[in-house]
6 protein chains.
Amino acid sequence: MKVTVSRKAHFNAAHRLHNPAWDAQTNENTFGKCNNPEYHGHNYELIVSVKGDIDPQTGYVLDMKWLKDLIKERVEERFDHKNLNTQTEEFKNLNPTAENIAVVIHQLLKPALRPEHELKITLYETPRNFVECAD
Amino acid sequence: MKVTVSRKAHFNAAHRLHNPAWDAQTNENTFGKCNNPEYHGHNYELIVSVKGDIDPQTGYVLDMKWLKDLIKERVEERFDHKNLNTQTEEFKNLNPTAENIAVVIHQLLKPALRPEHELKITLYETPRNFVECAD
Amino acid sequence: MKVTVSRKAHFNAAHRLHNPAWDAQTNENTFGKCNNPEYHGHNYELIVSVKGDIDPQTGYVLDMKWLKDLIKERVEERFDHKNLNTQTEEFKNLNPTAENIAVVIHQLLKPALRPEHELKITLYETPRNFVECAD
Amino acid sequence: MKVTVSRKAHFNAAHRLHNPAWDAQTNENTFGKCNNPEYHGHNYELIVSVKGDIDPQTGYVLDMKWLKDLIKERVEERFDHKNLNTQTEEFKNLNPTAENIAVVIHQLLKPALRPEHELKITLYETPRNFVECAD
Amino acid sequence: MKVTVSRKAHFNAAHRLHNPAWDAQTNENTFGKCNNPEYHGHNYELIVSVKGDIDPQTGYVLDMKWLKDLIKERVEERFDHKNLNTQTEEFKNLNPTAENIAVVIHQLLKPALRPEHELKITLYETPRNFVECAD
Amino acid sequence: MKVTVSRKAHFNAAHRLHNPAWDAQTNENTFGKCNNPEYHGHNYELIVSVKGDIDPQTGYVLDMKWLKDLIKERVEERFDHKNLNTQTEEFKNLNPTAENIAVVIHQLLKPALRPEHELKITLYETPRNFVECAD
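Trainee: Would you take a moment to explain helix 2 (residues 64-79) of chain F for this structure?
Mentor: One full turn of an α-helix is made of 3.6 residues, so residues set three or four places apart face in the same direction. Residue and element names in this part refer to chain F. Here helix 2 contains 16 residues, and its C-alpha end-to-end distance of 21 Å stays within 8% of the 22 Å for a straight helix at 1.5 Å per residue. Along its length, helix 2 shows its largest kink, about 40 degrees, at Lys72. Among the residues of helix 2, those classed as buried are Met64, Leu67, Leu70, Ile71, Val75 and Phe79. The N-capping residue of helix 2, defined by a side-chain oxygen 2.9 Å from the backbone nitrogen of Lys65, is Asp63. Just beyond helix 2, the residue with positive phi is His81, at close to 60 degrees.

Right, here's the structure in full:
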């Protein structure tokens, strides 16, 4: 029986939604208040879920301390208290919507996992809006 | 990579559980306190989830403001502060269990979505009881 | 040092807000959707807090099992799955606003407490609206 | 018996913590990552609590719909999706710490209340950090 | 359309993580503070989810009262306020990790369900760590 | 205007409730399942609240990073993943009820605060039971 283990983490960041290929009016029509050129921000709540077999020696799918440290190193230190648009490589040319942030976090964490482990990312942008992606 | 976006909403309503084809004793045995003929009620917490591809122009699966407005128009305005049994078309001949309410909400929202989008409904009847349905 | 101990409980009920001394229009202007004559309902989340000295024999202000049972007997069994307007003595002639429900619960529980204990009632009508009263 | 009624609201904003009277090193030593010149942001969760007598005509301390609209007009429209440092009058010359934001919200709401009503502000900057102020 | 119904429950227990086939140092390296020989404990939050068809007579997938009682009888009475390592048959020879506890709960509940019903277990060991397993 | 700042923390521990001056039957009658000699445990959620004036230089009542580190040093490192009865000095001769744990945490933190600051401790033993104490 496969088991999924999940760890919650969080980071705070500023962002704005903007498509540089569009004029100002199209951006405002599409992104509304989220297009504010002076930015706004969120407390992002992140859930990282890994599915795999239980190791009979440990009773673990993986060591949650290791997963916690991996999230800290690859996600929190990169994005926490940052301006996503101006201070991260990942979103210099990619609109930092919740959808894109989730996919980027998936790409940042996936290479560190064992190949037989499945990864799912859940990201709350606000308590009422959240997104998920999985391989 | 497909991404699922979710939006939380809520509505308050009165209801009772009752099968008119049964006698009073069978109804009480089956539905217990939920069969109270004078009704009781809940704060229904609703999560609407839509799965699809990210639009490369916007970075969105869909515009969450549009989804919020759709839920308001098709669900909240129909059910909020209503007696589900006596004041809604949907439950005049359908028992308003959490299961049936979730399926009805799925049917109300599905036609408004693009055909390639998958829809999942999660409905909390109380903080300890909830149901899900998906296409 | 005084310590306050709190216990959470909950009940579901139907109600409507209505002042029988007023005409229909004034009731609707004042209470809006909450005046719906067919009722609506809520999951009421209740927190009962008692402040007093720690008993050095037990380390308790009071036995939380006793408090849980008291709430069940005096509040949950009276109001759970009921229509507050038509099926409770307390609200036959009292508008069942969250404020009035909290005061009634205070009155129902207070006589069971030791005189030196202070009582505070917190009642969530929805996750976003709540009221408190205390002696 | 006085009753306190509370309403939850929220807004998202960008900010940075900075004292312009200090040099860069003192600012960084004091405010750490919160001093980031490119800003970061939060989902601010706000609870507005008003204490007063129950009006015997309505059963209300005050109309929660009125309070909801007041918060929307005086707080959410002013701060939501804004950069507090650069886009609000209130924080052009005041460090937007959670403490100062709570006091400013108190000052914005207090004049709209009846003089006999007491006002308390609770503001969550993150799920783990929050502040309160009251008259 | 299949519907999944879920019920939340909880229990408190003490445990330690330990592999008796390993020496003390390997156990400490692997399990860290969770290897404390004097035990520590958790408030386990459990979500039991059952997927099936809606019965047209009742509008239920199954009776949630029956599910609540089943969880009480097979899980809560077995594990609540117990030392998992020393006072339960299930973990006398099985390391009581969250993963293993979830699988054991799945095994305890599955035989009571109708064969066409699918079962999923979600277990929160802390508010930030949780696991899931399903057939 | 005084402002209260609060910081949430948590720790997991095992305990049992027991009065060594009583016989076994009186202990069981008083403490029920909490008297289990093999212990049980909880995820304790702690809120530390400090009330004081805002420092006009920083906009802070105090530095929340300092408060977080103080809680870690004086509370979490002492109690996390411990057996309160057998592995802590504080509860060797004091029954580890939630009330007593809250008072002990108050005593551990108070000397580190400036004399003009008021301290309040809130401790959740379970999501439904919590206690508060304050100077």
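More follows now that the structure is in view.
Trainee: Help me understand the relation of the copies chain A and chain D, please; the structure alone is not making it clear to me.
Mentor: Both copies of the chain are related through a single rotation about an axis accompanied by a shift along the same axis. The operation relating chain A to chain D is a screw motion whose rotation component is 180 degrees, with 0.0 Å of axial translation and a residual RMSD of 0.0 Å. Taken together, the rotation and translation relating the two chain copies correspond to the operation of a two-fold axis. Taken together, the interface assignments show that 100% of the residues at the interface of chain A recur at the interface of chain D, consistent with an identical surface on both copies.

Trainee: Quick question: what am I supposed to make of the arrangement of the chains here?
Mentor: Of all C-alpha pairs spanning chain B and chain D, none lies closer than 14 Å, and the two are not in contact. Chain F makes no contact with chain A, the minimum C-alpha separation between the two being 14 Å.

Trainee: Please explain the interface of chain F and chain D as it appears in this structure.
Mentor: Many authors give the size of an interface as the accessible area that is lost as the parts come together. Taken together, the 20 residues of chain F in the interface contact 20 residues of chain D. In total, chain F and chain D occlude about 1,700 Å² of area from one another, counting both sides; carbon and sulfur atoms represent 53% of this. Run the count over chain F and chain D and you get zero salt bridges. Taken together, the connections running from chain F to chain D amount to nine residue pairs in polar contact (both at pLDDT 80 or more). Tallying contributions element by element places strand 1 (residues 3-15) of chain F first for the side of chain F that touches chain D, with eight residues. Per-class residue counts for the side of chain F that touches chain D are 10 nonpolar, six polar and four charged.

Trainee: Honestly, the interface of chain A and chain D in this entry has me stumped. Any pointers?
Mentor: Facing the 22 residues of chain A at the interface are 22 residues of chain D. For the pairing of chain A and chain D, the buried interface totals around 1,800 Å² over both sides, and the portion due to carbon and sulfur atoms is 49%. Sorting the residues of chain A by area buried against chain D places Glu38, Asn43 and His81 of chain A first, and these three jointly supply 32% of that buried surface. Put simply, chain A and chain D have two salt bridges between them. The salt bridge partner of Lys33 of chain D is Asp80 of chain A, with a shortest N-O separation of 2.5 Å. In this structure, the connection of chain A to chain D is made through 17 residue pairs in polar contact (both at pLDDT 80 or more). Taken together, the elements giving at least two residues each to the side of chain A that touches chain D come down to strand 1 (3-15), strand 2 (40-52), strand 3 (82-83), helix 3 (84-87) and strand 4 (118-126) of chain A. Here the element with the most residues in the side of chain A that touches chain D is strand 2 of chain A; it accounts for five residues. Residues that form the side of chain A that touches chain D fall into these classes: five nonpolar, 11 polar and six charged.

Conventions used here
- Residues numbered from 1 in each chain as written.
- Chains lettered and ligands numbered in written order.
- Predicted model: local features only at pLDDT ≥ 70, side-chain atom pairs only at ≥ 80, totals over all residues.
- Heavy atoms only, no water.
- Helix = DSSP H or I, 4+ residues; strand = E, 2+ residues; numbered from the N terminus.
- Expected span 1.5 Å × (residues − 1).
- Bend = angle between axes of the 7 residues up to and from the residue.
- Buried < 20%, exposed > 50% of the residue type's maximum accessible area, 1.4 Å probe, protein only.
- Polar contact = N/O pair within 3.5 Å; in protein donor to acceptor, adjacent residues only side chain to side chain.
- Least-squares fit on C-alpha atoms with pLDDT ≥ 70 in both.
- Contact = heavy atoms within 4.5 Å.
- Buried area = accessible area lost by both parts, 1.4 Å probe.
- Salt bridge = Lys/Arg side-chain N within 4 Å of Asp/Glu carboxyl O.
- Nonpolar A, V, L, I, M, F, W, Y, C, P; charged D, E, K, R; others polar.

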